[in-house]
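Observations on the three-dimensional arrangement
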Amino acid sequence: MVFNTKMIFAVFFLCFSATCVIAGDPTLEHEWKITYGTIAPLGVPQQGILINGQFPGPAINCTSNNNIVVNVFNQLDELILLTWAGVQQRKNSWQDGTPGAMCPILPGKNYTYRFQVKDQIGTYFYFPSTALHRASGGIGMIKIHNRNLIPIPFDKPADEYAILLGDWYNKGHKSLKNILDSGRSIGRPDGIQINGQSNKVGDANAKPLFTFEAGKTYRLRVCNVGLRLSVNFRIQGHTMKVVEMEGSHTVQNVYDSLDLHVGQCMSVLVTADQTPKDYYFVASSRFAQHPHSTVAVIRYVNGNGPASPELPPPPPENTKGIAWSISQFRSFRWNLTSNAARPNPQGSYKYGKINITRTIKLVNTRSSSNGKLRFGINGVSHVDAETPLKLAEYYGVADKVFTYNLMKDEPQEGNKVEVAPNVVNGTYRNFVEIIFENHEKTIQTWHLDGFSFFAVAIEPGKWSPEKRKNYNLLDAVSRCTIQVYPNSWAAVMTTLDNAGMWNLRSEMRERAYLGQQLYLSVVSEARSLRDEYSLSETQQLCGIVESLPKPAPYT
């Protein structure tokens, strides 16, 4: 059975679950069935996770301020949750889809997510936040367009295409989870997929990824949805103009190839200005001991001839490659004169002039606990509780589920790691600086739910306060992911203006599953609907709060 998306225009004020729908804001309704099915992203048949029979899953194609309703039917034999990475869920962490915020959807049951893409545009993706489900699918693109009254800083493209690429394992999610539960690493991936496919140069059976018409310009929305590896992508004979990153319009620089780290998304414009024939879209791993690559075909309409076997070269690797990648990161700049979701220019927000009220320095670690592999942050390795952290906090029983601030704002000496729920208090509306310091030999990527942050610096070595003089305090890109190179650090700044329970995690799923994540509890003491929505009547309950009387709602 195929489910269609419906658009319903609200004609009165209506509260849907935890989020309020305002008159005039359209509502997009989706109905999704999550099932198992056979897929073969690397040519090896395996059990995948499908949404409405599709892998990748259906895109959410919406406009800023739209209300999104997704009725999810879990037809798997396991619990599942979907999270909407990059969607800020303003005042509404109840719908964020992480185990710290919500109860999972039981097998054979359904749950309806209801949220608004409030004051956001950009390119994001959704994925299962439970166990290792992301390793088998359940992934799809989220495209948030500008409202018609807000101009975009480039001409409307002839068309736009979604590209979900990343590393892939031929072992299914259950096998990978069993490996991690046994205390071992899942090791290296088996290859790279592009929209559920992989091809070799010269493969006559390769289906085109998409088509171009000569002389026209196209928008490619690209996300790295893998588990482990950074990827570089490039197109034979074509350059790419970066125009958007995770909700920010950027200065429109042109590139031959682009690094995209795990969990990151961007939009590029590509003009079909070459001889009409086939060309390869190339994706190759970065900073991997055993490199992988794959290609997909871009076909010109009425083109004549196959793609050339000579592929554009990848960027350098090792130390030179890291320097190259850092240089590219520094070339990404916020477009100060462009609008984003609101009419005012992006540059009207002077983040560089706001006083920092708190610095949190996070150091990722790899260690063992009881002989099993664990990853941690500042000496704490997170585990999910039976009762979602947000529900425990709301019901006033947090002390029975977790302890606030086990993790300190500075890394502690020694290699000891405490395995426990990792919840850090954040003061509502404070402006904080977060330092990610990576002492390991592998690249890291971090994602923060509920907020965007200004990615002000990446440098080799260790961070110290005097490094602030090197920050970009004018036009750093506002986004929700940041990479940290081996033996390097990265600095971001954000305002904690969104009350809720928000996940800060490694985007490497192995590391997140084994503890490299935390939850940031941002509480408005006013308990006001101005700052946060109350628990809805339809919210799933589980754990120790299931039988407790419901607290009084916010007013």
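Conventions adopted
Residues numbered from 1 in each chain as written. Predicted model: local features only at pLDDT ≥ 70, side-chain atom pairs only at ≥ 80, totals over all residues. Heavy atoms only, no water. 1 Å grid on protein atoms, 1.4 Å probe; cavity = no way out; pocket = protein on both sides within 12 Å on 5 of 7 lines; lining within 4 Å. Points joined across faces, edges and corners; volume = space filled by probe spheres on them. Helix = DSSP H or I, 4+ residues; strand = E, 2+ residues; numbered from the N terminus. Nonpolar A, V, L, I, M, F, W, Y, C, P; charged D, E, K, R; others polar. Phe/Tyr/Trp six-rings, centres within 6.5 Å; stacked < 30°, edge-to-face > 60°. Buried < 20%, exposed > 50% of the residue type's maximum accessible area, 1.4 Å probe, protein only. Pairing = 2+ DSSP bridges. Axes fitted to C-alpha atoms, helices over the stretch in contact; angles between N-to-C directions. pLDDT = per-residue confidence, 0-100. Contact = heavy atoms within 4.5 Å. Salt bridge = Lys/Arg side-chain N within 4 Å of Asp/Glu carboxyl O. Polar contact = N/O pair within 3.5 Å; in protein donor to acceptor, adjacent residues only side chain to side chain. Expected span 1.5 Å × (residues − 1). Arc of directions from axis to C-beta.

Concerning the layout of surface pockets
Taken as a whole, the largest pocket holds about 1,100 Å³ of empty space. In this structure, the largest pocket is lined by 42 residues; those nearest its centre are Gln-88, Arg-90, Asp-119, Arg-342 and Asp-497. When contributions to the lining of the largest pocket are tallied by element, the ones reaching two or more residues are β3 (19-21), β9 (110-116) and β34 (488-495). Sort the elements by how many residues they give to the lining of the largest pocket and β34 lands first, with three residues. Residue classes in the lining of the largest pocket are distributed as 16 nonpolar, 16 polar and ten charged. The computed volume of the second largest pocket comes to approximately 900 Å³.

Some words on the packing of aromatic side chains
Summed over all chains, the structure comprises 28 aromatic pairs. Judged by centre distance (5.5 Å) and plane angle (35 degrees), the ring pair of Phe-210 and Phe-212 falls under tilted. Residue Phe-210 is classed as buried on the basis of its relative accessible area, which comes to 5%. According to the relative accessible area criterion, Phe-212 is buried, its value standing at 0%.

Observations regarding the sheet that holds strand β35 (residues 500-506)
The mixed open sheet is built from five strands, whose spatial order is β28-β36-β35-β30-β33. In the strand order of this sheet, the two ends are held by β28 (423-427) and β33 (481-484), each with one partner. When the angles between neighbouring strand axes are averaged without regard to direction, this sheet yields 20 degrees. In this sheet, β35 lies alongside strand β30 (residues 444-448) in antiparallel orientation, the contact comprising three bridges. Looking at the pairing, His-447 lines up with Arg-505 of β35.

Focus: the confidence of the model for the protein
In the predicted model, the protein carries a mean pLDDT of 94, and the fraction of residues at 70 or more is 96%. Long-range and interchain partners of residues 1-23, a stretch whose pLDDT sits below 50, account for 57 contacts in this model, where long-range means more than four residues apart.

A word on the pattern of salt bridges
Tallying each qualifying case throughout the model produces 27 salt bridges. Between Glu-507 and Arg-505 there is a salt bridge, with its nearest N and O atoms 3.0 Å apart. Owing to a relative accessible area of 1%, Glu-507 belongs among the buried residues under this scheme. Owing to a relative accessible area of 2%, Arg-505 belongs among the buried residues under this scheme. Among the ionic contacts, a cluster of salt bridges with common partners joins Arg-134, Asp-449, Arg-505 and Glu-507.

Structural notes on the side chain of Gln-46
By the secondary structure assignment, Gln-46 is in strand β5 (residues 46-51). A distance of 3.4 Å separates a polar atom in the side chain of Gln-46 from the backbone oxygen of Asn-170. The contacts of Gln-46, once residues within four sequence positions are left out, are Gly-37, Thr-38, Ile-39, Pro-41, Trp-168, Tyr-169, Asn-170, Lys-171 and Gly-172.

Some points on helix α2 (residues 318-331)
Counted at 1.5 Å a residue, the expected span for α2 with its 14 residues is 20 Å, and the 20 Å between its end C-alpha atoms agrees. Turning to α2, its buried residues are Gly-321, Ile-322, Ser-325, Ile-326, Gln-328 and Phe-329. The arc that holds the buried residues of α2, viewed along the axis, is 160 degrees, so those residues lie on one side. Opposite the packed face of α2, turned more than 90 degrees from it, sit the exposed residues Thr-319 and Lys-320. Those residues of α2 hidden inside the fold are in contact with β19 (254-255), β20 (257-260), β22 (278-286), β31 (453-460) and β33.

Brief notes about the pairing of strand β29 (residues 431-438)
A large share of β29 lies buried, amounting to eight of its eight residues. On β29, burial covers both faces: Phe-431, Glu-433, Ile-435 and Glu-437 on one face and Val-432, Ile-434, Phe-436 and Asn-438 on the other are all buried. Relative to β29, strand β24 (residues 358-369) runs parallel, the two sharing seven bridges. Looking at β29, one finds that Lys-361 is bridged to Ile-435. Relative to β34, β29 runs antiparallel, the two being bridged by eight bridges. Residue Val-432 lies in a different strand from β34, and its bridge partner there is Thr-494.

Section: helix α1 (residues 173-181)
Every buried residue belonging to α1 is among His-173, Leu-176, Ile-179 and Leu-180, and all of these are buried. The buried residues of α1 occupy one face: seen down the axis, they fall within an arc of 125 degrees. Lining the buried residues of α1 we find β4 (26-39), β5 and α4 (509-513). Gly-183 lies just past α1 and shows a positive phi near 100 degrees.

Structural notes on the sheet that holds strand β6 (residues 60-63)
Consider a sheet: its strands pair through backbone hydrogen bonds, and that pairing is either parallel or antiparallel. Pairing in this open sheet of four strands is mixed, and the strands run β6-β11-β10-β8 from one edge to the other. A strand with exactly one partner marks an edge of an open sheet, and here the two such strands are β6 and β8 (82-85). Sheet twist, expressed as the mean angle between neighbouring strand axes with direction ignored, is 20 degrees. Direction of pairing for strand β10 (residues 122-128) relative to strand β11 (residues 140-145): antiparallel, over a ladder of five bridges. The residue bridging Tyr-124 from the neighbouring strand is Ile-142, located in β11.

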